[in-house]
Amino acid sequence: MEAAAEIKDHYRSDFERLRDGLPGGRIPWMKRRREAALARFAAQGFPTVRDEAWKYTDTGVIARRTFTTASPPARAALARGDLAAFTIPGLDCHRLVFVDGRIAPELCDLDALPAGAAVGGLAAALEGDAAGVEKLLGRLADDDGNGFAALNTAFMTDGVCLRLADGVALERPVHVLHLSTADTDGTAVHPRNLVALGRGSRAVLIETYAGLREAAGLTNVQSEVLLGEGAELEHYKLQQESAKTFHIADTGVHVPAGARYRAHGIDAGGRLVRNGVRVRIDGAGAECELNGLYVLAGRQHVDNHTVIDHLKPDGVSREFFKGVLEGHARSVFSGKVIVHPDAQHTDARQTNHNLLLSENAEADTRPQLEIYADDVKCAHGATVGQLDPDALYYLQSRAIDEDAARSLLIYAFANDVIGRLSLEPVRSYLERTLTERLLHGRRVEDLI
Amino acid sequence: MLSIRNLQASVDGKPILKGLSLEIGKGEVHAIMGPNGSGKSTLAHILAGRDGYQVTGGEVIYRGKDLLDMPTEERAREGVFLAFQYPVEIPGVSNIYLLKAALNAVRKHRGEGELDAMDFLKLVKERMKLVEMDEQFLYRPVNEGFSGGEKKRNEILQMAVLQPSLGILDETDSGLDIDALRVVANGVNALRGPERSLMVVTHYQRLLDYIVPDHVHVLAGGRIVKSGDRSLALELERRGYGWIEDELRATGS
Amino acid sequence: MASGTQNLDELIGKEYEHGFVTELEADTVPPGLDEDVIRAISAKKGEPEFMLEWRLKAYRHWTTMREPAWAHVHYPPVDFQAISYYSAPKAKGEGPKSLDEVDPKLLETYNKLGIPLKEQEMLAGVAVDAVFDSVSVATTFKDKLGALGIIFCSFSEAVRNHPELVRKYLGSVVPYTDNFYASLNSAVFSDGSFVYVPKGVRCPMELSTYFRINAQNTGQFERTLIVADEGAYVSYLEGCTAPQRDENQLHAAVVELVALKDAQIKYSTVQNWYPGDEEGRGGIYNFVTKRGACRGENAKISWTQVETGSAITWKYPSVLLEGDNAVGEFYSVALTNNLQQADTGTKMIHIGRNTRSTIISKGISAGRGQNAYRGLVKVLKGAEDARNYTQCDSLLIGHRCGAHTFPYIEVKNPSAKVEHEATTSKISDDQLYYCMQRGISAEDAVSMIVNGFCKEVFKELPMEFAVEAQKLLGISLEGSVG
């Protein structure tokens with residue numbers, strides 16, 4: 001649907017204001033792409049519930065406001081000490097920090113990168129290696145898919161740019177912090193991430209999205225992940241934004257033969273959150289695993305929207321999403337697996353389980369299979385329900401009070417997802433945050 | 001009954017049987033033993049008519065007819081029965097339905113009329129006693145949720161109902177505890193007779209304590225390399241398969 | 001060398017059995033649709049004013065609507081002005097008073113279809129209403145049912161003889177504004193069946209309607225309304241066939257079920273409309289709205305369908321679970337072969353407390369068929385302790401077909417328990433080999449395995465129908481495997 005005139009005008013004038021300061025402002029192809037994307041946004045507008053893909057997520061709250069893209073801060077907004085709240089204890093990692101959508105070099109730790117590994121900000125990569133970036137950037141973006149992605153391409157400021165040459169194993173994970181400092185409503189950031197792994201290379205990427213203050217801002221992320229044959233990426237996305245923030249993210253992933261993409265999305269924050277993940281299983285034996293956990297309360301709304309295209313034979317995909325909903329929270333899971341005619345021996349499974357814990361919570365789930373090949377193993381399962389009364393009873397009969405028993409069961413339900421993460425420090429970190437949230441500060445060990 | 005002459009066969013272009021010859025006379029019980037990967041199961045499936053095997057040479061004559069020329073179901077109707085090592089599960093199809101469809105297909109082929117429901121049930125119940133099977137198994141879906149032992153008993157029940165001329169038992173002892181082995185073997189022994197030949201494919205001689213063979217053959221490297229009577233099986237148990245391979249190397253064959 | 005699956009390539013296609021045309025003089029309105037056509041249909045049927053008004057309202061609403069495009073089906077646009085909206089076998093004067101007055105050619109048609117209308121030849125315990133093109137031609141066992149106060153007649157007759165019941169319930173489950181095809185049906189429907197089972201009466205026999213499209217270029221728009229009053233029980237069967245024609249024909253029916261307190265309605269369909277030929281020429285577009293309302297406590301509505309025919313099937317027999325403890329069930333087998341497309345499923349709307357629903361869907365895709373399950377399970381805020389269990393299984397036969405599953409689950413009550421499971425599989429070579437090693441032909445083995453796959457649904461069908469359905473499945477599958 002075409003954007004309303006005042007919306008168009010607003011983003012056009014915001015664009016004019018920033019244009020020359022945006023990364024790649026002097027690179028002709030970047031300028032053309034940004035202009036074209038802005039035109040596409042004007043033509044598309046924001047998606048509405050009439051779009052099947054947005055049926056359960058009304059973005060009217062975003063469309064009705066005008067968000068202004070954050071300007072580069074005049075001076076460093078954060079000191080190193082401010083990071084402590086967002087780092088993961090015990091994690092030995094390279095670190096990149098973006099504040100309000102721009103890199104904060106003084107906060108980054110990028111020592112001892114192996115040869116063949118280029119890790120840094122996208123803006124810097126555009127300055128230093130425009131031709132190299134041109135070949136990669138935009139290949140997997142969803143610019144035609146929805147207005148948010150087009151808006152990101154028009155306004156993208158910075159984000160992680162992680163490139164590995166063939167055969168490079170990046171042993172230490174890369175932790176990327178996307179922090180916003182805005183304390184007034186109406187600020188937008190448009191992070192753009194680009195990951196390109198050469199053949200047989202390996203990396204672990206952890207992204208944290210968080211705000212320092214409560215403000216109704218918009219975080220509009222677009223990520224592109226291009227894997228080479230046999231490459232492996234484990235990709236964590238920890239979304240911990242303020243309870244007022246709108247967080248719209250989309251990730252396009254290309255998985256060729258023998259490559260493996262594992263993603264874990266943990267959503268604890270945000271007012272309205274959308275995680276779009278589009279994966280193309282595009283080579284024999286390619287594998288993809290998407291795990292998700294959302295623990296919501298208040299008026300939070302989280303929509304996980306995944307599309308996995310199996311284009312080639314012998315691909316494997318697994319989706320495992322779980323949610324705990326309290327208050328007026330609402331969750332949406334839409335998972336679509338498309339098995340194309342050539343993709344014989346595809347093995348796909350989708351799972352979505354939801355715990356509804358309050359009168360006013362709502363869970364909508366749509367696990368979908370579209371299958372055009374006959375020799376496949378595809379299944380999905382979805383449930384919406386409550387804690388198992390038998391398990392509750394059992395715990396109570398073992399002298400655990402009801403409140404504690406409930407907390408324990410909820411924790412166990414959620415921990416099922418966390419158990420799938422490979423990095424121990426991230427697991428403990430999340431278990432801790434989860435406990436605080438679910439068990440109201442009590443330690444699990446204290447309960448047993 | 002069965003005459004296999006110089007049979008050569010391969011799977012995906014890889015030769016498995018390399019000139020196998022074997023004669024099985026009427027009423028005889030032959031045990032085929034051999035190390036893992038020697039081609040025992042391949043032989044069983046080629047006789048039964050499974051897809052995916054390329055016969056590249058030789059012939060198999062069964063009761064005067066070219067067996068390899070017949071489609072799978074025709075071999076079954078002609079009296080070739082394979083008791084599977086891994087019987088497949090067929091959800092929703094009851095055991096009794098499969099039995100009835102199979103028996104009627106076989107009877108029709110023999111020019112006999114279809115059995116009516118009462119006679120059929122009587123026959124099946126009587127044969128079930130052979131393998132000490134409970135009647136409830138008749139109404140469960142084919143092999144679905146059956147234990148290893150139940151599946152094997154079910155195979156022997158089918159053989160008892162279909163009354164084949166040539167029964168091929170493919171590793172029927174695998175996965176059976178000693179009690180189940182005894183039950184299955186008793187069932188098989190009850191089916192021995194002057195008109196029925198059996199080919200018992202097994203890795204261990206344990207089964208042969210219960211089903212005593214007239215002849216024992218060792219299949220190795222795609223050929224029958226040694227034949228003898230029951231004592232050969234006992235020797236194999238004592239000495240393993242290694243000595244045969246050594247012997248083969250020594251004779252240069 | 002013997003072969004397992006390649007034998008299946010050779011299975012010969014069996015042609016559609018019911019593809020003959022009955023030569024009859026018909027009273028058909030010219031193609032096209034406007035208010036005059038609707039007035040003409042209403043006048044031909046001698047309807048009271050309220051019916052005409054209702055039709056016109058529906059028509060006016062329809063003109064503001066657009067054909068839905070969300071289903072997983074593809075077809076060229078339907079020219080709604082090229083369809084004739086009314087065709088009836090020409091009656092000699094008044095409608096038939098008894099079977100003796102029915103045109104013998106018609107009786108012969110139904111005999112050919114295996115639906116003898118002569119009561120003495122009938123399967124004991126099944127009363128039949130036969131609908132030929134758009135009108136009901138014969139209803140059997142009327143008197144016997146009448147003695148129990150059960151009304152089983154054509155819709156036209158119900159409008160004439162029981163206008164108060166029609167007025168009360170028509171459109172109460174599927175309003176004339178409901179969807180594009182339902183609105184069209186509301187405007188132009190010509191006949192169908194009507195059933196009313198009074199309080200506390202258990203209908204002693206299966207009621208059955210047999211639909212037949214005969215005339216060319218006609219659409220069939222029948223309307224069925226079944227009301228089970230408090231504590232009543234009825235089991236209703238529906239069968240359908242059509243001649244083999246090269247062009248597509250439209251079938252846009254509406255079925256409304258109303259089950260009051262403690263009442264139970266069981267509705268079974270074996271749909272075998274002409275599916276088109278191997279190249280996808282011809283066949284029925286089956287765009288049908290079926291919905292039941294459990295209006296009182298403990299009411300139960302159960303849909304069972306076996307869909308093997310039609311070029312395109314678009315139907316979602318649904319249940320509104322309004323009363324507390326109401327139960328909704330949907331058991332479905334949908335088979336698509338050649339170029340058939342099916343987008344079918346159900347909607348279970350949980351409104352009352354402690355409501356239960358079960359959905360068992362078995363989709364079989366063969367040839368180049370496309371088969372989609374689309375279902376909505378919705379638990380509204382007030383539906384305390386609602387339960388749903390959904391099992392959707394797809395079986396693929398051949399590598400050019402498609403099987404799709406689109407469940408929608410919306411839960412607004414925390415005490416609800418909703419479970420959805422879906423699997424997709426093919427007939428394995430091992431299963432075929434196993435059966436064939438027992439002497440069973442490939443053809444019989446496939447049919448056996450497919451019937452096994454559908455067993456959970458078939459067991460819900462009345463016995464005669466279950467046998468029929470199994471045979472139909474075998475026939476529809478022939479020539480499909482390769």
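Residues numbered from 1 in each chain as written. Chains lettered and ligands numbered in written order. Predicted model: local features only at pLDDT ≥ 70, side-chain atom pairs only at ≥ 80, totals over all residues. Heavy atoms only, no water.

A. How the structure looks around the overall build of chain A. Each helix and strand in chain A was counted, giving 10 helices and 21 strands. Relative to the compact-globule value of 22 Å for 448 residues, chain A shows a C-alpha radius of gyration of 21 Å, a close match. Projecting the C-alpha coordinates of chain A onto the three principal axes gives extents of approximately 70 × 50 × 50 Å. Out of the 448 residues belonging to chain A, those deemed buried represent 62%. The long-range fraction of contacts in chain A, counting pairs at least 24 apart against all pairs at least 6 apart in sequence, stands at 84%. Accessible surface, chain A as shown: approximately 16500 Å² in total, 50% of it carbon and sulfur. Averaging the positions of the 51 positive and the 63 negative side-chain charges in chain A gives two centres separated by 3 Å. (Helix = DSSP H or I, 4+ residues; strand = E, 2+ residues; numbered from the N terminus. Rg over C-alpha atoms; globule rule 2.2 N^0.38 Å. Buried < 20%, exposed > 50% of the residue type's maximum accessible area, 1.4 Å probe, protein only. Contact = heavy atoms within 4.5 Å. Areas by Shrake-Rupley, 256 points an atom, 1.4 Å probe, with all protein chains shown as cover. Lys, Arg positive; Asp, Glu negative; His and termini not counted. Charge placed at Lys NZ, Arg CZ, Asp CG, Glu CD.)

B. Here's a closer look at the overall build of chain C. Helix and strand counts for chain C come out as 12 helices and 23 strands. Here chain C holds 482 residues, and 66% of them are scored as buried. A fraction of 84% describes how many contacts in chain C between residues 6 or more apart in sequence connect residues 24 or more apart. Roughly 16600 Å² of accessible area belongs to chain C as shown, and the carbon and sulfur atoms make up 48% of that amount.

C. Structural view of the pattern of salt bridges. With the rule as written, the count across this model stands at 57 salt bridges over all chains. Residue Glu47 of chain C pairs with Arg55 of chain C through a salt bridge whose shortest N-O separation is 2.7 Å. Since its relative accessible area comes to 0%, Arg55 of chain C is described here as buried. Two residues, Arg374 of chain C and Asp343 of chain C, come together in a salt bridge whose shortest N-O distance is 2.9 Å. Here the residue Arg374 of chain C occupies a position in strand E20 (residues 370-379), and Asp343 of chain C occupies one in strand E18 (residues 341-350), the gap between them amounting to 31 residues. Residue class for Asp343 of chain C comes out buried when judged on its relative accessible area of 0%. One network of salt bridges, with partners in common, ties together Arg12, Glu16, Arg19 and Glu35 of chain A. (Salt bridge = Lys/Arg side-chain N within 4 Å of Asp/Glu carboxyl O.)

D. The arrangement of the packing of helix H2 (residues 28-44) of chain A against helix H6 (residues 147-155) of chain A in detail. Residues and elements named next belong to chain A. The contact between H2 and H6 brings their axes to 7 Å, and the two run at 150°. By the angle between their directions, the pair H2 and H6 is classed as roughly antiparallel. Handedness of the crossing formed by H2 with H6: left-handed. Contact residues: H2 offers Arg33, Arg34, Ala37, Leu38, Arg40, Phe41 and Gln44, while H6 offers Gly147, Ala150, Leu151, Thr153, Ala154 and Phe155. Its residues placed into classes, the contact of H2 with H6 shows 7 nonpolar, 3 polar and 3 charged. (Axes fitted to C-alpha atoms, helices over the stretch in contact; angles between N-to-C directions. Parallel < 35°, antiparallel > 145°, perpendicular 65-115°, else oblique. Left-handed = near helix turned anticlockwise from the far one by under 90°. Nonpolar A, V, L, I, M, F, W, Y, C, P; charged D, E, K, R; others polar.)

E. Representation of the interface of chain C and chain B. Taken together, the contact between chain C and chain B spans 24 residues of the former and 39 residues of the latter. Both faces considered, chain C and chain B share a buried interface measuring about 2500 Å² in area, 60% of it formed by carbon and sulfur atoms. At the boundary of chain C with chain B, the tally comes to 2 salt bridges. Here Asp430 of chain C makes a salt bridge to Arg50 of chain B, at a shortest N to O gap of 2.5 Å. (Buried area = accessible area lost by both parts, 1.4 Å probe.)

F. The arrangement of the sheet that holds strand E4 (residues 54-62) of chain B in detail. Residue and element names in this part refer to chain B. Here 4 strands make up an open sheet; going across it, the order is E2-E1-E4-E5 and the pairing antiparallel. In the strand order of this sheet, the two ends are held by strand E2 (14-24) and strand E5 (65-66), each with one partner. The strands touched by helix H1 (residues 40-48) within the sheet are strand E1 (2-11), E2 and E4, with E1 carrying the most contacts at an inclination of about 110°. (Pairing = 2+ DSSP bridges.)

G. Spatial organisation of the interface of chain C and chain A. On the side of chain A, 37 residues touch chain C, which itself brings 33 residues to the contact. Both faces combined, the contact of chain C with chain A buries some 2700 Å², and carbon together with sulfur accounts for 45% of it. Sorting the residues of chain C by area buried against chain A places Tyr408, Ile409 and Pro414 of chain C first, and these three jointly supply 21% of that buried surface. Where chain C packs against chain A, one counts 3 salt bridges. One salt bridge connects Arg349 of chain A with Glu421 of chain C, and the closest N-O pair in it is separated by 3.8 Å. One can count 18 residue pairs in polar contact (both at pLDDT 80 or more) joining chain C with chain A. (Polar contact = N/O pair within 3.5 Å; in protein donor to acceptor, adjacent residues only side chain to side chain.)

H. Up close: the state of the cysteines. Summed over all chains, the structure comprises 0 disulfides over all chains. Free of any disulfide, Cys401 of chain C has its nearest cysteine sulfur in Cys378 of chain A, 13 Å distant. Distance from the sulfur of Cys454 of chain C, which forms no disulfide, to the nearest cysteine sulfur (Cys392 of chain C) is 13 Å. When its relative accessible area of 0% is taken as the criterion, Cys454 of chain C is described as buried. (Disulfide = S-S within 2.5 Å.)

I. Structural detail: the environment of Arg167 of chain C. With respect to the helices and strands, Arg167 of chain C occurs in helix H7 (residues 163-169). Distance from Arg167 of chain C to Glu67 of chain C, taken between C-alpha atoms, is 28 Å for residues 100 residues apart in sequence.

J. Representation of unusual backbone geometry in the model. Even without a glycine there, the phi angle at Asp100 of chain A is positive, about 50°. The topology assignment puts Asp100 of chain A in the loop between strand E2 (94-99) and strand E3 (102-103). Positive phi, close to 50°, is recorded for Asn6 of chain B, a residue that is not glycine. Mapping Asn6 of chain B onto the fold places it in strand E1.

K. The packing of aromatic side chains, seen in detail. Residues and elements named next belong to chain A. Taken as a whole and judged by the stated rule, the model has 30 aromatic pairs over all chains. Consider the rings of Phe67 and Phe246, whose centres lie 6.0 Å apart with planes at 80°: the pair is edge-to-face. Linking Phe67 in the loop between helix H3 (60-63) and strand E1 (68-69) with Phe246 in strand E12 (residues 246-255), this pair joins segments that are 179 residues apart in sequence. Accessibility assignment for this pair places Phe67 and Phe246 in one class, buried. (Phe/Tyr/Trp six-rings, centres within 6.5 Å; stacked < 30°, edge-to-face > 60°.)

L. Expanded view of the pairing of strand E9 (residues 166-170) of chain B. All names here are of chain B. Burial runs high along E9: 5 of the 5 residues are buried. Burial along E9 is two-sided: Leu166, Ile168 and Asp170 facing one way and Gly167 and Leu169 facing the other are all buried. Relative to strand E10 (residues 197-202), E9 is paired through 5 bridges, and the arrangement is parallel. Looking at E10, one finds that Leu169 is bridged to Val200.

M. Summary view of H6 of chain A. Residues and elements named next belong to chain A. Burial runs high along H6: 9 of the 9 residues are buried. All of the buried residues in H6 are Gly147, Phe148, Ala149, Ala150, Leu151, Asn152, Thr153, Ala154 and Phe155. Where H6 begins, the capping side chain belongs to Asn146, and its oxygen is found 2.8 Å from the backbone nitrogen of Phe148.

N. The domain arrangement of chain A, seen in detail. All names here are of chain A. Taken as a whole, chain A is organised into domain 1 (2-389) and domain 2 (390-448). Look at where the C-alpha atoms of domain 1 and domain 2 centre, and you get two points 28 Å apart. With 37 residues of domain 1 in contact, the opposing surface of domain 2 contributes 24 residues. Applying the counting rule to domain 1 against domain 2 returns 1 salt bridge. Of the charged contacts in the structure, one is a salt bridge between Asp416 and Lys322, with a shortest N-O distance of 2.9 Å. On inspection of domain 1 and its partner domain 2, the count reaches 13 residue pairs in polar contact (both at pLDDT 80 or more). Those elements giving two or more residues to the side of domain 1 that touches domain 2 turn out to be strand E9 (202-211), strand E11 (232-240), strand E13 (260-267), strand E15 (287-296), strand E17 (316-325) and strand E19 (347-356). Ranked by the residues each element gives to the side of domain 1 that touches domain 2, the list is headed by E15, at 6 residues. (Domains from an automatic or database assignment.)

O. Spotlight on the nonpolar core. In this structure, Ile4, Leu7, Leu20 and Leu47 of chain B together with Ile364 and Val450 of chain C are the most contacted members of the largest nonpolar core, which totals 115 residues. Residues contacting Ile4 of chain B, with those up to four places away along its chain left out, are Leu20, Ser21, Leu22, Leu43, Leu47, Glu59 and Val60 of chain B. Counting 99 residues, the second largest nonpolar core, distinct from the first, contains Leu369 of chain A together with Ala326, Tyr373 and Ala416 of chain C. (Core = buried A, V, L, I, M, F, W, Y, C linked by side-chain atoms within 4.5 Å.)

P. Seen up close, the sheet that holds strand E6 (residues 80-83) of chain B. Residues and elements named next belong to chain B. Here 6 strands make up an open sheet; going across it, the order is E6-E9-E10-E3-E11-E12 and the pairing mixed. Looking at strand neighbours, the two that pair on one side only are E6 and strand E12 (223-228), the edges of this open sheet. Along the sheet, successive strands turn relative to each other by an average axial angle of 20°, direction set aside. Of the strand pairs in this sheet, strand E11 (residues 215-220) and E12 are connected by 5 bridges, and their pairing is antiparallel.

Q. Looking closely at helix H5 (residues 148-162) of chain B. Residues and elements named next belong to chain B. Here H5 is 15 residues long and its end C-alpha atoms lie 22 Å apart, about the 21 Å a rise of 1.5 Å per residue gives. Within H5, 12 of the 15 residues are buried, leaving the element largely enclosed by the surrounding structure. Listed as buried for H5 are Gly149, Lys151, Lys152, Asn154, Glu155, Ile156, Leu157, Gln158, Met159, Ala160, Val161 and Leu162. Gln163 occupies a position one or two residues after H5 and carries a positive phi of about 50°. (Expected span 1.5 Å × (residues − 1).)

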